[in-house]
Amino acid sequence: MGDHFSISVPSKPEYVNVVRLTASAIACRMGFNIEQIEDIKVAIAEACTNAIKHGIKNREENFKIQFLVDEEKLEIDVEDEGHGFSCNEIEEPDLENPKEGGLGIFIIKSLMDDVQINSNIGKGTSIKMIKYLGDDL
Amino acid sequence: MSIHIQTNYNKDENIWIVDIKGEIDIYTANKVKEDLNKMLDEQMADFKINCLELTYIDSTGLGVLIGILKRLKKEEKNINIVNPKPNISKLFHITGLDKIFVIEGE
């Protein structure tokens, strides 16, 4: 059994860097290298951005982040109880016609080793992502 | 966390030199967007963005740059990203944006 660390975060942009620093501190303590820590910081910020922009129905609500720490990996779950979205809406970047939005989920999938997204329209979204210790897969 | 943007217009080369210091995320992206758009309102010109002291960017920041690039491309102008840190150039590569922005000094 690993350790479990959880936080409840106000749905406000100014707290995303606090989340990044928290994730960075946990990853650093676990022994991830600098590049992996940067990957984790970007991935968790993308999940928070997603929760703040699309997730929260009510600005007063918080969303939840859980860190599950064990010897071989860090699992991060970001959960909101917002609008949700259709997972079919996630597209690869189209470079012929680049768009200002929509890169977040693609970036999370590129930077983390294992990513699961569950979103139910009207119920909310959960983004579960894992980074393994050791060399990048 | 903060963002600091210093701009300088070079008239001879018709180019904006932009130094961005700090972090571009969901909190600071709007300020960056406003500042860069204001510059284009003032003078349409190529952009040279010096990223030596840009420590962090994510999709919100990349989105701002894509928006500015679209505006510039209509006038056949471009954005040069100069001296990005490894974590920043990595994001340009994985998203394929390195193919539409000019990246120097990696």
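Everything quoted here is computed from the prediction, not taken from an experiment.

The next thing to look at is the nonpolar core. Residue and element names in this part refer to chain A. Counting residues in hydrophobic clusters, the biggest one holds 57 residues, and the most contacted among them are Ala43, Ile44, Cys48, Val78 and Ile108. When residues in this core are grouped by element, the largest group, 10 residues, is from helix 2 (residues 34-55). If sequence neighbours within four positions are ignored, alanine 43 has contacts with Ile108, Leu111, Met112 and Met129.

Quick look at the sheet that holds strand 5 (residues 124-132) of chain A now. Residue and element names in this part refer to chain A. Overall, antiparallel pairing links the 5 strands, which are arranged 1-2-3-5-4 in an open sheet. Edge strands, defined here as strands with exactly one partner in the open sheet, are strand 1 (3-10) and strand 4 (114-120). Adjacent strand axes in the sheet meet at a mean angle of 10°, parallel and antiparallel pairs treated alike. The pairing of strand 3 (residues 73-80) with strand 5 spans 8 bridges and is classified as antiparallel. Note that in strand 5 the partner of valine 78 across the bridge is isoleucine 127.

Before going further, it helps to examine the confidence of the model for chain A. Mean pLDDT over chain A: 89, with 91% of residues reaching 70 or higher. For chain A, per-element mean pLDDT is lowest for strand 4 of chain A, which scores 91, and highest for helix 1 (residues 16-30) of chain A, which scores 97.

This brings us to the pairing of strand 1 of chain A. All names here are of chain A. Counted residue by residue, strand 1 has 0 buried out of 8 residues, so it is predominantly exposed. Pairing between strand 1 and strand 2 (residues 62-69): 8 bridges, direction antiparallel. By the bridge assignment, histidine 4 is partnered in strand 2 with leucine 68.

This next bit is on the interface of chain A and chain B. Between chain A and chain B, the residue contacts involve 21 residues of the former and 19 residues of the latter. Listing elements by their share of the side of chain A that touches chain B, those giving two or more residues are helix 1, helix 2 and helix 3 (104-111) of chain A. Looking at which element gives the most residues to the side of chain A that touches chain B, the answer is helix 2 of chain A, with 6 residues. Per-class residue counts for the side of chain A that touches chain B are 11 nonpolar, 5 polar and 5 charged.

About the thresholds
Residues numbered from 1 in each chain as written. Chains lettered and ligands numbered in written order. Predicted model: local features only at pLDDT ≥ 70, side-chain atom pairs only at ≥ 80, totals over all residues. Core = buried A, V, L, I, M, F, W, Y, C linked by C-beta atoms within 7 Å. Buried ≥ 20, exposed ≤ 12 C-beta atoms within 10 Å, placed from the backbone. Helix = DSSP H or I, 4+ residues; strand = E, 2+ residues; numbered from the N terminus. Contact = placed C-beta atoms within 7 Å. Pairing = 2+ DSSP bridges. Axes fitted to C-alpha atoms, helices over the stretch in contact; angles between N-to-C directions. pLDDT = per-residue confidence, 0-100. Nonpolar A, V, L, I, M, F, W, Y, C, P; charged D, E, K, R; others polar.

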